[in-house]
Every structure is written in structure tokens, then in C-alpha cells.
Amino acid sequence: MAKYVVQRVLLMLITLLIITCICFVLIRMLPPAELPLNDIHTQVIEARREAQGYNEPYMVQFGIFLKNIFTKWDWGISDKLYFGQDVASIFAEKLPATIFVNLYSILLSIPLGIALGIFAALKKNTWVDYSISTLTMVVISVPSFVFAFLIQYFLSYKLGWFPFLMKAGKDYLSWSMFVSMLPTVMSLSFGVIASFTRTTRAELTEVLTSEFMLLARTKGLTKAQATVRHALKNCMVVVLPAIFGEFIGIMSGSLVIEKIFAVPGVGGLYLNAINARDYPIFIMVSCFYTAVSLLASIVIDISYGFIDPRIRMGSKK
Amino acid sequence: MSMQNDVKFEKIPAEKFAFVQLDTNIHDKKLETKSRGYLADAFLRFKKNKSSLIAAVIIIFLLLFALISPMVSPYTINDKDPVYTSYPPYVPAIAELGWGIFDGATTHASQNDLAMSAWKGIAVETGMNPVLGIVNVNTTYVMYRGQQKANNTYTIETNRYFETGIVYRVFKYSEFEAIQQWQNETGIQVIYPYVESKDICDITDNPNIWYQVSDSKGTPVLDENGDFIPAYSQNTALEGAPYDSIRIEGDDGSYIYSAKKSGAVQCRVSYYNYYIYQNGMEPTYLFGTNSLGQDLFSAIGIGARFSIIFAILVSAINLTIGAIYGAIQGYYGGRVDLAMDRVSDILSGMPFIVCTTLFQLHLGQKVGVVPAFLFAFVLTGWIGMAALTRKQFYRFKGQEFVLAARTLGASDRRLMFKHIFPNALGTIITSCALIIPSVISSETQLTYLGIINLQEFAGTSIGTLMSQGQVSMTTAPHGMFFPSIFVSLLLISFNLFGNGLRDAFNPSTRGVDD
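Everything numeric here is computed off the predicted structure, so don't read it as measured data. (Residues numbered from 1 in each chain as written. Chains lettered and ligands numbered in written order. Predicted model: local features only at pLDDT ≥ 70, side-chain atom pairs only at ≥ 80, totals over all residues. Heavy atoms only, no water.)

What about the domain arrangement of chain B?
Often the size quoted for an interface is simply the accessible area lost on bringing the parts together.
Residue and element names in this part refer to chain B.
Argument step 1. Here chain B is partitioned into domain 1 (56–68 + 294–509), domain 2 (92–163) and domain 3 (166–277).
Argument step 2. Across the contact, 14 residues belong to domain 2 and 16 residues belong to domain 3.
Argument step 3. Summing both partners gives a buried area of about 1100 Å² for domain 2 against domain 3, and 62% of it is carried by carbon and sulfur.
Argument step 4. Broken down residue by residue, the surface that domain 2 buries against domain 3 is led by Leu114, Glu125 and Met128, which jointly contribute 44%.
Argument step 5. Inspection of the region where domain 2 meets domain 3 yields zero salt bridges.
Argument step 6. Inspection of the region where domain 2 meets domain 3 yields one residue pair in polar contact (both at pLDDT 80 or more).
Argument step 7. Going through the elements one at a time, helix H4 (113–126) and helix H5 (160–163) are the ones with two or more residues in the side of domain 2 that touches domain 3.
Argument step 8. If you tally residues by element for the side of domain 2 that touches domain 3, the top one is H4, at nine residues. (Domains from an automatic or database assignment. Contact = heavy atoms within 4.5 Å. Buried area = accessible area lost by both parts, 1.4 Å probe. Salt bridge = Lys/Arg side-chain N within 4 Å of Asp/Glu carboxyl O. Polar contact = N/O pair within 3.5 Å; in protein donor to acceptor, adjacent residues only side chain to side chain. Helix = DSSP H or I, 4+ residues; strand = E, 2+ residues; numbered from the N terminus.)

Written out as C-alpha cells, the structure reads:
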């Protein structure tokens, strides 16, 4: 198992390196942002660019880029959007908002999703199951920003329960901030709830019809005992890794939802960086997104092995 | 040992033999029922699935909508009205029926008496009453100079298209002539008499005040019947150009209709009628207008056309690439499989949004926005298809019919595409039906975010329409509502349709929802 984990992590790091390299070179190939004349930062940025090897071959630049990250955690200086500021610190400033919003969202939606999924599976082929499944299907199909619009229009505008946009500021734990986050949290939750409902339902219906469930009943367990002890446990083999993946994924957040509710998070930073052509920020956020998605997939893979010994054995084929 | 066994069969004379069936054909009993192929079988199963069938009908309806709506709409995507922006749905013929639909209705809250008199002013002058009805009256009493005074505020419903009333427009002399000519032909009053600001307490920013006022807020001076007293200019020295056309009621010929404005004339123009003069018809917007003043009805159709064609194109390309890639991977296996897996691993590790942005930045200018967008979709989109094909190939490649074909000397390519691939086709085709909605969904999101801008290529897109609708969401929710409904319906029915198709082709996976 240890060997498998090490193998997977190494492979992930290589993949990350290659993707970062491709992104880096592609972005450096674009002409760097024009710097304003007569600005005190201009000279500093030019000196920094010189130090980062802007006139050297791309692979040398990439080497310097990596060296700066590993030795000084230096991701460069923003040359458009936050003129003259350190990219890494801007990024660190934006991350909490995204994490808080998404954390609240999954804390709300994962239990709800799993509960609905279990409920639907236990009531399989009844109207309860049909209506849950249909709703799930609808929620998964409809883009998240349609829900965001509905929430914003009805709950924030018509009923006035929530503020329109997320509150500015850094008091992420205050009550007023929590209330202003709720529309965002709800919009993010729909998709997560639906996907967990679907996974849980599909998995549990399959487990419920397997032979060991019959055995469990035969040896005298009640239906509830058999379901909780045997069926749910087996169903979690699939659901638990998905939860882990979801937790890793909270960092990247949702561009669309963050834009609609003006969440001062990573998504907004990324969009602004693209629109302003601020390449240093763009590189950092791209690397971040790549790392998060790779990390999520590897965590899912490895957790399968930890949770279910059968899969661990299977990996050695 | 019975006696029969003792019979000697060694020498049976030839004449003892007789043909059993010399003249009749030997054959199996003819099949009573019609034989049914794989496709027919799948179709039969599909027909049993009611929800998919409904979804298919809705898809056809939406496709027809996308095809027809830009054709039947009187407006093109380039018709952008500067005044009627983010206006609600309005169809004059239906509005006249008074059913409360398509009447361009908007609600205005807390309108005081002054505002109400302004609405009345528009109604009296243009003959088009913007106020559809009073929803609610809120009376408060205040003490004013020792007396109790009732203060009414109203919540009213108005027709937004009539709300504009009169606007100032500056015309060249020739244009002014042309409008007069048109007025004579149609009898529709476009140009209204001029009002000098000195006659209305120096109000310059409100062309809708045509009556005598007592202050610069526009409080009207009423006569003994409670009617407005006109303040139209009769100052011939001001007149910009001769007016020889229909005049408003109550004009004895002394009102002037234009004012000099450096080589041109300024007029007070009824915007609604001016619109008819310009477009040859009354404003007719089935879905209302968006924030650019485009007709939403045709804009949704145009956006949807692009989305659907693009999604079909993407899935066709991804299907081809993925099928070939996955076939090679699955068929050869071993090292080839491993190496090719690494390539697809790296590509799939790249976040789609990053990939799209990079393609836009690099190729957007060179090859155009749409091809760059297409590349972004194709770069990572085929991976799922390849994985699917690879799995199918692993399943089939060891089977006897493949072995038999190989023994007969079939080449690798023949084995892959003639023998194995058709067996995997059902699975592949059905997953294609599920790719289409996912492409439409991503495309909508990216255009909504503004990372991709299709306005030059396609005119507009659903995502762009939604982001425009978002801007004026509180005052004009229809701008967000109609595109949302359209895209949601499209995606739901495509997904339902795809699921039904998959169940029909692979009955064994029925009910497994992913």
C-alpha cells in the first residue's frame, strides 16, 4: 500500500510539473504587460523581471520561477491588477473567502445529500424515490447560476431576507458575514446535494440487492440492523472518497457563483486577472487550480484503497 | 438380446430404398413473427420510456424554436433600440385585449401625487396612457401648517413602452421634412409642439412637461375643470423650420413644432410614434428586450443555434478522436496503453478553465474566437470517450469471434474497427448524447463569465444574454428569466433523452445514474 501511495504521489507531482511548465511557457510567450511610465513601481518591476530572466530562454525562466517558489515562496509581482503588490500575498488574502463559503456549503450539503440518497434508496420505486430522483436529475442538469439567479431574485430581492452581495471585509466569522454568505452557500449547495444524492442512491440500491444482505437477514438481523451495519458501510466505499474529494475541491470554488455574489475569493481574482491580463496572478491561480484538481483525484484514488481492501489488492494486477 | 438385432443388414437390395422427400423442400418452419434487429429493439425500449419520449419532444420543440424564432421575429440581432432597453414583453395586439399579459407592465412603488400628475400629463398629450392600473394606495396623514393633510402614495402598474412619452430629438431639415411627409400619409402624430423652458419655470431636462407649472419640480397649474393648461410655444422667432403637417388637437395653427439648433431643428417627439416611423411597426417584443435593446425572442434563438451546432460539432470531434485513441489503447494494451494513459492523464489534469483561457489568449486573435474555443473543448474533451472505448475494447478483444477473425488472417485495423468497434458502438453513441448538454452548459458558463465573447461571431449567446440580464435583474427580471428557462429546459431534456437512450441501448445499466 505504501508503495502504491508513493507511486501515485510521485506521478502526480510529475504531472503537476509538466502542466505547470506548459502553462508557464504559454503565458510567458505572451507579451508582458506594459508598465506605466513615471511610476515608482515601474523600475522595481523591471528590475524584478530582469531577475526573473524575462529575456532568457523559456526553460531558464521556468527554472528561475521554480527556484523562487521553492526558496522564497515568491510568485512574482502583479503588474496590472494590484500594481506592484506581491502575488502570493494577494492570493493568500483571497483564499479565506472562498474556503469559508465552500466549507459552509459542503457542511450543509453532504449530510443532506447522503440522507436524501439513503431515503430514496430505501423507498426505491415509490413516489418518494421518483420525486427525489427527478429533482436530482433537474438540479444536476440546470447550470448553477440559474439557481443563483433564482435565489438572488426571490430570497434577496423579493423577500429581502439576505443581502444582494456578500459583505466586504475580513470578519469571516461574524454573524452578519455569515448571513451575507448564505445565498452563495445555498447556490453552491444545490449541485453538491444532487450529486451526493445520486451517488448514494445508486450505490445503496445496488448494495441492498446483493447476496450478503440476504445472508444478514437470514442470520436474524432486522432490516434496520442489516441496512445500517452492512449496506451503509459498503455504500460508503464509494461515498467517502467523494466526500474527501469534495473537501479538497472547496479551495477552487466556483467562478460563476463567486462572480454573481461578488465573493472576494480566488474565482474573482482569476477572472479579474484574465480580464486585466495580469499574467503573474494568472500563472499562480492556474497552478493552484491544477494542484487542487490533481490533489482531489489522488486523494479519491488513495482513499479507495484505504477504505476497501478489495480495491487495494486489485491495484496490483 | 431381442430378435430384431439378429436381422442381417449387410445386404439390402437397392429396390428397398426409396426417397423420403424427393420433390418437397426441406426447411425450418417459417418465422411467424418479424425478426427484430438491435436498433429496432433499442428503439422499442426507448419508446417505452415516457420521460425520455417527452424530453425528445421538448428537444425538437426547442430546436424548432432556435431555428424559427430569428426568422419570424421582425428584428435582427443588429436592431438595438437605444430607448427600449431591458423592457418587458409587449405585444400590442395582445396588450389591447387587457388580459394582463404581454402589456409591457412594470410596477412602480411610492408614486406621489406629483408623479401621478406627470403620468397623467403623458397620457393627455400623447393619448397613450402609461398607467395600466393602481395596485395599492397608501395614505399617510401629516400636519401641515396646523391642518391635517392626507398624503397619498400609489403603487401603480405602467406600460413601460408608453412611459417614455415625449423625447427631444434633433433632426436635419431633410429628416424633419420626411417625418412631416410620413405624418401626412399615416395620420400618426410624431412631432409635438415645442415648449420653451422659460414658459415652464426653466425646466430643461423633462420633455414631458407641456403644461403650465408653478415650480421647477413640475407641479401643474390646473384650470377650473382640473385640466392642464398648455404651455406650447407660439414664438415664431424660435421656429426652426416650416411645419406643414397634421397638428395636435386644440392647435389653432399658432403652435410652433421645432426650434433652431445650429443647422438643424430640435423637436419634441413622441417616442412610441417615432419608433413606428423608424421601424414601420409598433414595438413588438414577445420576450421583451435585453439591456442592449435587442429583441430577446430572436436573440435566444440565435444564441441557441450557436450552442447546439457547436455542441454537436464538439461531440462529433471528441467522439472520433476518443474512439480512435481508446481503440488503440484498448486493443494493444500493455506498454502502449500505459504510455498513452500518461498523456491523457496529463491533459486531464489541466483545469478546463485554464486551458480555455490560454487558447483564447494565444489563438483568439490568430484563428478566431470560435476555433480557439473549439480547440479548448477538444483538447481535454475526448479523454472520457477514450476511456470508455478502451474499456469496451478490453471487454471484447479476448472473445472468440475476435480470435476467429484473427485466425482467418484479419489485420489489426480490421479487427479493431470492423469486429470490435461495432460492438462498442451502442455505449459510445449514447454517451455522445450526454456530452452535448455538458458542452452547452460549459459554453453558457464561459460566455456568461465573459471569458469567451461570441458577440462578433454569433451575434450573441445564451450566456451573454444571461449576464446582460443579470445587470438589470431587479427592474427587468425577464432578461434573466427567459434565457434561463430556455437553457434549463434544453439541458434537462438533453440529459433525460441521453439517459433514456443509454437505457435503451444497454438494458443492463438501467437505473444506474451516471
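Focus: the interface of chain A and chain B
Argument step 1. Of the residues lining the interface, 39 residues belong to chain A; the matching set on chain B comes to 35 residues.
Argument step 2. Carbon and sulfur atoms supply 77% of the area buried between chain A and chain B, which totals about 3400 Å² over both sides.
Argument step 3. Three residues, Met137, Phe145 and Phe149 of chain A, lead the burial of chain A against chain B; their summed loss comes to 18% of the area buried on that side.
Argument step 4. Our enumeration of links across chain A and chain B arrives at zero salt bridges.
Argument step 5. Here chain A is connected to chain B by five residue pairs in polar contact (both at pLDDT 80 or more).
Argument step 6. Sorting the residues of the side of chain A that touches chain B by element identifies helix H1 (2–29), helix H5 (127–141), helix H6 (144–158), helix H7 (175–208), helix H10 (255–260), helix H11 (266–276) and helix H12 (279–307) of chain A as the ones contributing at least two each.
Argument step 7. Ranked by the residues each element gives to the side of chain A that touches chain B, the list is headed by H1 of chain A, at eight residues.
Argument step 8. A class-by-class count of the residues in the side of chain A that touches chain B yields 28 nonpolar, seven polar and four charged. (Nonpolar A, V, L, I, M, F, W, Y, C, P; charged D, E, K, R; others polar.)

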